[in-house]
Amino acid sequence: MSERVVIEAQELSKVYHMGKTEVHALRGVSIQVREGEMIAIMGPSGSGKSTLMAILGALDVPTGGRYWLEGEEISRMSDRELAIIRNERIGFVFQQFNLLPRNTILANVTLPLIYGGVGARERRERAAKMLEMVGLGDRLGHKPTELSGGEQQRVAIARALVNEPAIVLADEPTGNLDTKTGAEIMSLFKRLHQERGITLIIVTHDPEVAAQTERVIYLRDGRVVEPPEGLLTGAKPQEVDDGHPEDD
Amino acid sequence: MGTRKTIKRRGAGINIGQNVWIALDAMMANKLRSALTMLGVIIGVCAVVSLLSVGRGAEAAITEQIEGVGTNLITIIPGGQVTSVTATSGHNLTLADAEAIEAEVRHIVAVAPEFRLSAQVAFEDNGMDTLVIGEMPEYAVIRNLEPAIGRFISQDDVDGRERVAVLGSQAADELFGGLNPIGRTIRINNVRFEVIGVLAEQGAVGMFNPNTYIYVPLSTAYRKLASGRGVTGGEYLVSTIMIRAETQEAIDDVIAQVESILRRRHRLDPDEDDDFTVISQQELLGMATSITSTMTVFLAAIAGVSLLVGGIGIMNITLVSVTERTKEIGIRKAVGAQRWHILAQFLIETVVLSATGGLIGIALSGAILAAINSTGALSADLSPEAILIGFGFSVLVGVFFGLYPANRAASLHPIEALRYE
Ligand SMILES: Nc1ncnc2c1ncn2[C@@H]1O[C@H](COP(=O)(O)OP(=O)(O)OP(=O)(O)O)[C@@H](O)[C@H]1O
Ligand SMILES: [Mg+2]
């Protein structure tokens, strides 16, 4: 892990207006992520995890606070600039895979490169290489519906990585998968993290998943709080690594 | 902090060919819906193209007819306004006027004065009322007339005041049925004439059908048929004077010469109106084409309304499609599609849809025109102009009615679009 800061967020807040009532999804979240880190975001349902991920992923803008990605302030960008940031710097992996069902998996992985203006030939080569890396090199012509959930999530991961983003954000990537397949996806993430030094933030409810990361950020009611006692050790104590590097 | 450069922008990122392919693929995946969507455009384009083509066909037919007569043709009739083409007493265009024109006007090929009268014509028991025209041989030159059988009136016929007649094709049919009329005798107002020729069928212009006319030598008409109505104060009256100019360019000059000669001969003061009317074939042509093209444009505009309806159909279906594909739009935006990428994607889809409808409409119109042509009532071909207009409009309809749904798709918020199920 280098000292280079990839994500710097200060006092992020997000308010949703539901008719007359205001929903404070985030109430001042500050986090810092260094290049090459692998982080878990945990917290009860409704605590603001997905909201935070959307802002970090440039899919949404915060109501208040500031956010820099690789030194560039994202929090005040226009829609167009955000689209470019999403395209070039961010890889997003969703719980529901979010693949285009009518397109082949190769075409799905190619998509970010199309919007990035990469030439057809290079697109194909890079997308095929990514799919090979996630173990689907022999399925390029298949449609997502012909694949299992785990395989679909691998396609989504390949798509997230194909533009060589500064950061990969995964919002409950194993949430729709059975335990075994979820574990496979996690080991894929770990492998990519270790082999390619990918910076990774994973939202999860699963302590076992969180235990495989280097650091846990715990949200409650839109704030970063200390994780509850025994959060990671409660489930399967024997598998948990001690001393994951918490920042001070 | 960062090592990456500030945002670079590239114009690329959308591939029209690929989007057209995607749109065609989507269209084929949902054939019935696509067909129903295109139906309005198909009907609209088909109607526009067919009506334009039929209109152009009619226009061409009329033009051909008038031009067949010869665009170098000038007709002079008595009276200051166009009232009647047949001579009535009191008119003042004379044979001497025609002779003066022939002698003095430059750049003319031939002059043919005519004397027209209604007459009873009979062959044995077959009779008809028709127009009998006293002609000079020059008339055949001026009108490019070729007799189908026999010959036209000659100078000898005129000089000898021969009682010979040339029949229009329809007159020949009515009087003789299937019989060969050449050499047979007909009676015109009870004067016996020998038939020397039958003219080929000519196009009818408006209510004038020259195929029913019968032509006799001008001198014979005055002497045997006019019974005094042809002469006033020693002057032979004429119904019309036809002139053929050397070239089309010479027509204005010839008309000016004719007008000045006639005004001089008729002793008109400068403040008096002409007591004759000069009509050029060019003018007739202009009138006829302007009438038909106005009709054509009017009909095509009505047909355009169905194109509009087709456009609204496309807009509706595309709005539905945008809603159905909200998630897809969210996914595309999540991986970096900009507003204009989505806008272009949906616009290309609507344009592909309506342009395909346009092409089908044009093909359909081609089939309809072929059917019309095969009936022989009218000759109307798919004109390149009509194809271009039909196709152009279908593309425009696609752009225009695609803009609203495409804009709606492009404006979706990525998070909200992704959440849509
Ligand atoms: N578009 C929205 N409009 C209104 N309220 C919203 C919207 N999105 C999120 N919220 C609210 O904001 C709060 C945080 O939502 P968020 O989805 O970030 O929670 P989460 O931590 O991801 O929950 P979960 O674990 O269930 O996914 C919740 O109270 C939620 O109801
Ligand atoms: Mg969530």
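Here, residues in each chain are numbered from 1, in the same order as that chain's written sequence. Each chain is given a letter, starting from A, and each ligand a number, starting from 1, according to the order in which they appear as written. Only residues with pLDDT of at least 70 get local features here, since the model is predicted, and only at 80 or more are side-chain atom pairs given and counted; chain-wide, interface and lining totals rely on the full set of residues. Excluding hydrogens and water, the side-chain figures rest on all heavy atoms present in the structure.

A. A nonpolar patch on the surface, seen in detail. Residue and element names in this part refer to chain B. For patch building, the residue pool is restricted to those with more than 30% relative accessible area and no salt bridge; the joining distance is 9 Å between like charges and 5 Å between nonpolar side chains (Val, Leu, Ile, Met, Phe, Trp, Tyr). The Shrake-Rupley method, run with a 1.4 Å probe sphere, supplies the accessible areas, and residue values consider only the shown protein chains as cover. Salt-bridge detection follows one rule: a side-chain nitrogen of Lys or Arg within 4 Å of a carboxyl oxygen of Asp or Glu. Judged by side-chain polarity, Ile291, Met295, Phe298, Leu299 and Ile302 come together as a nonpolar surface patch covering roughly 510 Å² of accessible area. Put simply, DSSP marks the helices as runs of H or I at least four residues long and the strands as runs of E at least two long, and each gets a number from the N terminus on. Along the chain, leucine 299 turns up in helix α9 (residues 281–324). Burial status follows relative accessibility: with a 1.4 Å probe on protein chains alone, a residue under 20% of its type maximum counts as buried, one over 50% as exposed, and anything between as partly exposed. Overall, the relative accessible area of 34% leaves leucine 299 in the partly exposed class.

B. Fine view of the packing of aromatic side chains. Residue and element names in this part refer to chain B. In this analysis, rings of Phe, Tyr and Trp, with Trp reduced to its six-membered ring, are considered paired at centre separations within 6.5 Å, and the interplanar angle assigns stacked below 30 degrees, edge-to-face beyond 60, and tilted for intermediate values. Enumeration according to the criterion identifies eight aromatic pairs over all chains in this entry. Ring centres of phenylalanine 152 and tyrosine 215 lie 6.1 Å apart, and the angle between their planes is 55°; this geometry places the pair in the tilted category. Placement of phenylalanine 152 in the loop between β4 (147–150) and α5 (155–159) and of tyrosine 215 in strand β8 (residues 214–217) is noted, with a sequence separation of 63 residues between them. Residues phenylalanine 152 and tyrosine 215 agree in their burial class; the two are buried.

C. A look at the confidence of the model for chain A. Looking at chain A as a whole, its pLDDT mean stands at 90, while 93% of the residues score no less than 70. Note that pLDDT drops below 50 for residues 235–248 of chain A; the model gives that stretch 17 contacts with residues more than four away or on any other chain. For every residue, the pLDDT score states the predictor's confidence, bounded by 0 at the bottom and 100 at the top. Contact definition: two residues touch when any of their heavy atoms are within 4.5 Å.

D. Examining the environment of phenylalanine 123 of chain B more closely. All names here are of chain B. Among the secondary structure elements, phenylalanine 123 is positioned in strand β2 (residues 108–123). For phenylalanine 123, a relative accessible area of 7% puts it in the buried group. The sequence separation of phenylalanine 123 and isoleucine 186 amounts to 63 residues, and the corresponding C-alpha distance is 4.7 Å.

E. Region of interest: the packing of helix α11 (residues 339–375) of chain B against helix α12 (residues 384–410) of chain B. All names here are of chain B. Fitted lines through C-alpha atoms serve as axes, helices being fitted only where they are in contact, and the angles separating the N-to-C directions of these axes extend from 0 to 180 degrees. Interaxial distance between α11 and α12 falls to 7 Å at its minimum, and their mutual angle equals 150°. Judged by the inter-axis angle, α11 sits roughly antiparallel to α12. In this structure, α11 crosses over α12, and the sense of that crossing is right-handed. Under this grouping Gly is polar, as are all residues other than the nonpolar Ala, Val, Leu, Ile, Met, Phe, Trp, Tyr, Cys and Pro and the charged Asp, Glu, Lys and Arg. When the residues that make up the contact of α11 with α12 are grouped by side-chain class, the tally is 17 nonpolar, seven polar and one charged. Under this scheme an angle from 65 to 115 degrees is roughly perpendicular, one under 35 degrees roughly parallel, and one over 145 degrees roughly antiparallel; angles in between are oblique. If you view the pair so one helix is near and one far, a crossing is left-handed when the near helix is turned anticlockwise from the far one by less than a right angle, and right-handed when it is turned clockwise.

F. Local environment of the nonpolar core. Think of a nonpolar core as a cluster: buried Ala, Val, Leu, Ile, Met, Phe, Trp, Tyr and Cys residues, connected wherever their side-chain atoms sit within 4.5 Å. Judged by nonpolar contacts, the single largest core of 70 residues is most densely connected at Ile76, Ile101, Ile186, Ile188 and Ile243 of chain B. Those residues in contact with isoleucine 243 of chain B that sit more than four places away from it in its chain are Asn72, Leu73, Ile74, Ile76, Ile101, Ile108, Ala110, Val111, Ile142, Val254 and Val258 of chain B. Among the nonpolar cores identified, the runner-up in size contains 51 residues, and Val33, Leu100 and Ile167 of chain A together with Leu418 of chain B belong to it.

G. View of the site of ligand 1. Close to ligand 1 lie 15 residues, the nearest being Ser45, Gly46, Lys49, Ser50 and Thr51 of chain A. Throughout, near means a residue has at least one heavy atom within 4 Å of the molecule or strand. At the site occupied by ligand 1, nearby residues are drawn from chains A and B. Contact between ligand 1 and serine 47 of chain A: an oxygen atom at 3.3 Å from a main-chain N or O atom of the residue. Side-chain atoms alone can form a polar contact between residues adjacent in sequence; in general such a contact is a pair of N or O atoms within 3.5 Å, and within protein one must be able to donate a hydrogen while the other accepts it. At 3.0 Å, a side-chain N or O of arginine 419 of chain B approaches a nitrogen atom of ligand 1. When the free accessible area of ligand 1 is taken as 630 Å², the share hidden by the protein chains comes to 70%. Going through the elements one at a time, β1 (5–18), β2 (21–34) and α1 (49–56) of chain A are the ones with two or more residues in the shell around ligand 1. Ranked by residue count, the leading element in the shell around ligand 1 is α1 of chain A, at three residues. A class-by-class count of the residues in the shell around ligand 1 yields five nonpolar, seven polar and three charged.

H. Seen up close, a negative patch on the surface. Residues Asp269, Asp271, Glu272 and Asp273 of chain B make up a contiguous surface patch of negative charge. Within the secondary structure, glutamate 272 of chain B is located in the loop between α8 (251–265) and β12 (276–280). Charge counting follows a simple rule: Lys and Arg are positive, Asp and Glu are negative, and His as well as the terminal groups are ignored. Where a charge lies is defined by one atom per residue type, namely NZ (Lys), CZ (Arg), CG (Asp) and CD (Glu).

I. Fine view of the pairing of strand β7 (residues 167–171) of chain A. All names here are of chain A. Most of β7 is tucked away, with five of its five residues classed as buried. Both faces of β7 are covered, namely the face carrying Ile167, Leu169 and Asp171 and the face carrying Val168 and Ala170. When strand β6 (residues 90–93) meets β7, the two strands line up parallel, connected through four bridges. When the sheet's bridge partners are listed, phenylalanine 92 is paired in β7 with leucine 169. Paired strands are those between which DSSP finds at least two bridges. Sheet topology places β7 next to strand β8 (residues 200–203); four bridges connect them, and they run parallel. Bridging from a neighbouring strand, aspartate 171 pairs with valine 203 of β8. A clockwise path from the first strand over the helix to the second, with the strands pointing away from the viewer, defines a right-handed crossover. Where the polypeptide runs from β7 across helix α6 (residues 179–196) and back to β8, its parallel neighbour, the crossover connection is right-handed.

J. Focus on a positive patch on the surface. Residue and element names in this part refer to chain B. Where like charges cluster on the molecular surface, the positive patch consists of Arg161, Arg163, Arg192, Arg223 and Lys224. Residue placement: arginine 223 occurs in helix α7 (residues 218–225). Residue arginine 223 is classed as exposed on the basis of its relative accessible area of 51%.

K. Expanded view of α8 of chain B. Residue and element names in this part refer to chain B. The span expected for a helix works out to 1.5 Å for each residue beyond the first. The terminal C-alpha atoms of α8 lie 21 Å apart, and with 15 residues this matches the ideal 21 Å at 1.5 Å per residue to within 8%. For α8, every residue scored as buried is listed here: Ile251, Val254, Ile255, Gln257, Val258, Ile261, Leu262 and Arg263. The inward-facing, buried residues of α8 contact β1 (73–78), α3 (95–104), β2, β11 (240–245) and β12. Phi for arginine 267, located one or two positions after α8, is positive at around 50°.

L. Fine view of the side chain of asparagine 211 of chain B. Within the secondary structure, asparagine 211 of chain B is located in the loop between β7 (191–199) and β8. Contact partners of asparagine 211 of chain B, with chain neighbours within four places excluded, come to Gly168, Ser169, Gln170, Ala171, Ala200, Glu201 and Gln202 of chain B.

M. Looking closely at the environment of valine 254 of chain B. Residues and elements named next belong to chain B. You can see valine 254 is positioned in helix α8. When the C-alpha positions of valine 254 and alanine 300 are compared, they lie 39 Å apart, and in sequence the two are 46 residues distant. Setting aside chain neighbours within four positions, we find valine 254 in contact with Ile74, Val105, Arg106, His107, Ile108, Ile243 and Ala245.

N. Structural context of the sheet that holds β8 of chain A. Residues and elements named next belong to chain A. Pairing is mixed in the open sheet, where six strands are placed in the order β6-β7-β8-β3-β9-β10. Looking at the sheet topology across the chains shown, the edges are occupied by β6 and β10 (223–225). Each neighbouring strand pair of the sheet contributes to a mean axis angle of 25°, computed without reference to strand direction. Sheet topology note: the strand β9 (residues 215–220)/β10 ladder contains three bridges and is antiparallel. Considered in β10, the bridge of arginine 220 is made with arginine 223. Against the sheet, α1 engages β3 (38–42), β6, β7, β8 and β9, with an angle of about 155° to β7.

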